[in-house]
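Chain residues, written in single-letter form:
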Amino acid sequence: MAEYYSAELSQKIKRGIAISASKCKFFGGSVPLGYKVSEDKSFIVNEDTAPIVRKLFEMFVAGYNYADLIRYMNERGIPTATGGKWNKSSFHRIFSNRRYLGKYIFHDEEIDGGMPQLIDDELFAEAQKVLAKYAAAPSRGKAKVEYLLSEKLLCGKCAHKMTGISSTSKSGKIHHYYKCVGTTKGICDKRTVRKQFIEDEIVYAIVGNGTEQNPHGVLTDEFIDMVAAETYMLIQAERNDSEIKRLESLVADNQKAINNLMQALMLGKIADTILAQIEKLESENKELNDTIESEKALQINYTYADIRKWLQHFRTLDYSKTKNRKDLIDTFIYRVLLYDDKMKVIFNLKGGQKNELLLNLIFPDYPDGNGGEDENGTKEKEVENSTSNSDVNAGCAYTSRVVEMMGIEPISDTVMRGRLQV
């Protein structure tokens, strides 16, 4: 029997494709300096403040530092977008804001042309170079590494988490690994594994490595069809129009009251009092209608084709980039159990058992060959999990082979029409 995607994954998919159907509207929060919001909730150029944004970019690229810019803006009494005083963080948010390139951003996804472009591509690129210099100056040699399997990778021997560690060889080279917490406590003898190696294997398990034996990993056309169909059905089942109906009922009640007041006005009742009541009700209805539109915008009607297209786009991403690897792992992987001779990958599926084994990868030997220490015998040290730059370790030459696939079947007409199980 085909497994069903979990509600958790359904939410990830909805967030992932929300940008496609959001129509580039304003949904609340602060409006970036240089823009304002039109009556139909679109972003338009603020002719009063847009020149200020351009001036700041030009000054920054020309060599003015943060202190110069802070003094320039505060001395002229020009407030930030939120009405406050300028500081270093204020400028960093502006100079790194890709909305100024005309990109509408929603849940970290972008739509080109979704907003008016205030800064041309060349000037923005020059500003990024200056920002990079600022970022590198105080922290050379201290770049943090993001361990993408944190909270997901478990030791197959003792079930403790495997956390990110680093070690430095005598030559000064830094190596990165995952280490079982149980070994630190003295209750497990699980060997460490290189970070780059294990993360590569997970990526290959999902999207394949382009070889004839493993072109798409589990992300086959049949798998995508199944997931798209079941996710579409789940989204439809989750739709809740009760709040919209309640708001529409309030609008109708207010309109009925307005009509009654108009009748009273025509009968010669006290005009000032009635007109004030009508104005109040009309104002309430305007706010209610705005809220209704916002609610409708958040209840985007995703089609089966939308979901399928979004799932397929994972085949096209560049997985040398940390962000794409992280998005892939966060979307599809629930847990990974690592043994000394194999790895069990558990996807975000939900059926009879949430933790059912779906994929088994066999390792003939560990890539480091000696339990995690490099050839010079390094000392390991714990490091913080972070969300910064990608690990630049050289990948291992070994390529895993898929041994067994369980719990996944091609989508059938019965499943397409079947009742969604959550």
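This one's a predicted model, so the numbers in the text were calculated from it and none came from an experiment.

Moving on, we come to the environment of valine 345. If you trace the backbone, valine 345 turns up in strand β11 (residues 342-347). Overall, the relative accessible area of 0% leaves valine 345 in the buried class.

The subject of this paragraph is the packing of helix α2 (residues 50-62) against helix α4 (residues 88-95). Contact pair α2 / α4: the axes reach a minimum separation of 11 Å and the direction vectors enclose 100°. Comparing the axis directions of α2 and α4 gives the class roughly perpendicular. Along its contact with α2, which presents Leu56, Phe57 and Phe60, the element α4 presents Phe91, Ile94 and Phe95.

Quick look at the pairing of strand β8 (residues 174-180) now. Along β8, six of the seven residues are buried, which leaves the element largely enclosed by surrounding structure. Linking two consecutive strands that pair antiparallel, namely strand β7 (residues 162-168) and β8, is a turn of five residues; a positive phi of about 95° is found at glycine 172 within it. Here β8 runs beside strand β9 (residues 193-194); their pairing, made up of two bridges, is antiparallel. Residue tyrosine 178 lies in a different strand from β9, and its bridge partner there is valine 193.

Residues Glu58, Asp120, Asp121 and Glu122 make up a contiguous surface patch of negative charge. Assessed through its relative accessible area of 53%, aspartate 121 is described here as exposed.

The terminal C-alpha atoms of helix α9 (residues 242-266), which comprises 25 residues, lie 36 Å apart, in line with the 36 Å expected from a rise of 1.5 Å per residue. Looking at α9, one finds that the buried residues are Ile244, Leu247, Val251, Asn254, Ile258, Leu261 and Ala264. At the C-terminal side of α9, glycine 268 shows a positive phi close to 90°.

The subject of this paragraph is the packing of α2 against helix α3 (residues 66-75). Two elements in contact, α2 and α3, have axes whose closest approach is 10 Å; the angle formed by their N-to-C orientations is 150°. The orientation of α2 with respect to α3, classified from their angle, is roughly antiparallel. Seen along the crossing, α2 lies across α3 with a hand that is right-handed. From α2, Ile52, Lys55, Leu56, Met59 and Phe60 reach across to α3, where they touch Tyr66, Leu69, Tyr72 and Met73. Looking at the contact of α2 with α3 residue by residue, the classes come out as eight nonpolar, no polar and one charged.

What follows is about the confidence of the model for the protein. Summing up the model confidence of the protein, the mean pLDDT is 75 and the portion of residues at 70 or higher is 72%. Segment residues 1-5: pLDDT under 50, and 28 contacts once partners within four positions in sequence are set aside and those in other chains are kept. Low pLDDT (under 50) marks residues 138-142, which in the prediction has zero contacts with non-local residues, meaning those over four places away or in another chain.

Taken as a whole, this structure holds zero disulfides when the rule is applied. Between cysteine 180, a free cysteine, and cysteine 158, which holds the nearest cysteine sulfur, the sulfur-to-sulfur gap is 3.4 Å. Sulfur of cysteine 188: no disulfide; nearest cysteine sulfur belongs to cysteine 155 and is 3.7 Å away.

Each value, and the rule that gives it
- Residues numbered from 1 in each chain as written.
- Predicted model: local features only at pLDDT ≥ 70, side-chain atom pairs only at ≥ 80, totals over all residues.
- Heavy atoms only, no water.
- Helix = DSSP H or I, 4+ residues; strand = E, 2+ residues; numbered from the N terminus.
- Buried < 20%, exposed > 50% of the residue type's maximum accessible area, 1.4 Å probe, protein only.
- Axes fitted to C-alpha atoms, helices over the stretch in contact; angles between N-to-C directions.
- Parallel < 35°, antiparallel > 145°, perpendicular 65-115°, else oblique.
- Contact = heavy atoms within 4.5 Å.
- Pairing = 2+ DSSP bridges.
- Patch = residues over 30% accessible without salt bridge, like charges linked within 9 Å, V, L, I, M, F, W, Y side chains within 5 Å.
- Areas by Shrake-Rupley, 256 points an atom, 1.4 Å probe, with all protein chains shown as cover.
- Salt bridge = Lys/Arg side-chain N within 4 Å of Asp/Glu carboxyl O.
- Lys, Arg positive; Asp, Glu negative; His and termini not counted.
- Charge placed at Lys NZ, Arg CZ, Asp CG, Glu CD.
- Expected span 1.5 Å × (residues − 1).
- Left-handed = near helix turned anticlockwise from the far one by under 90°.
- Nonpolar A, V, L, I, M, F, W, Y, C, P; charged D, E, K, R; others polar.
- pLDDT = per-residue confidence, 0-100.
- Disulfide = S-S within 2.5 Å.

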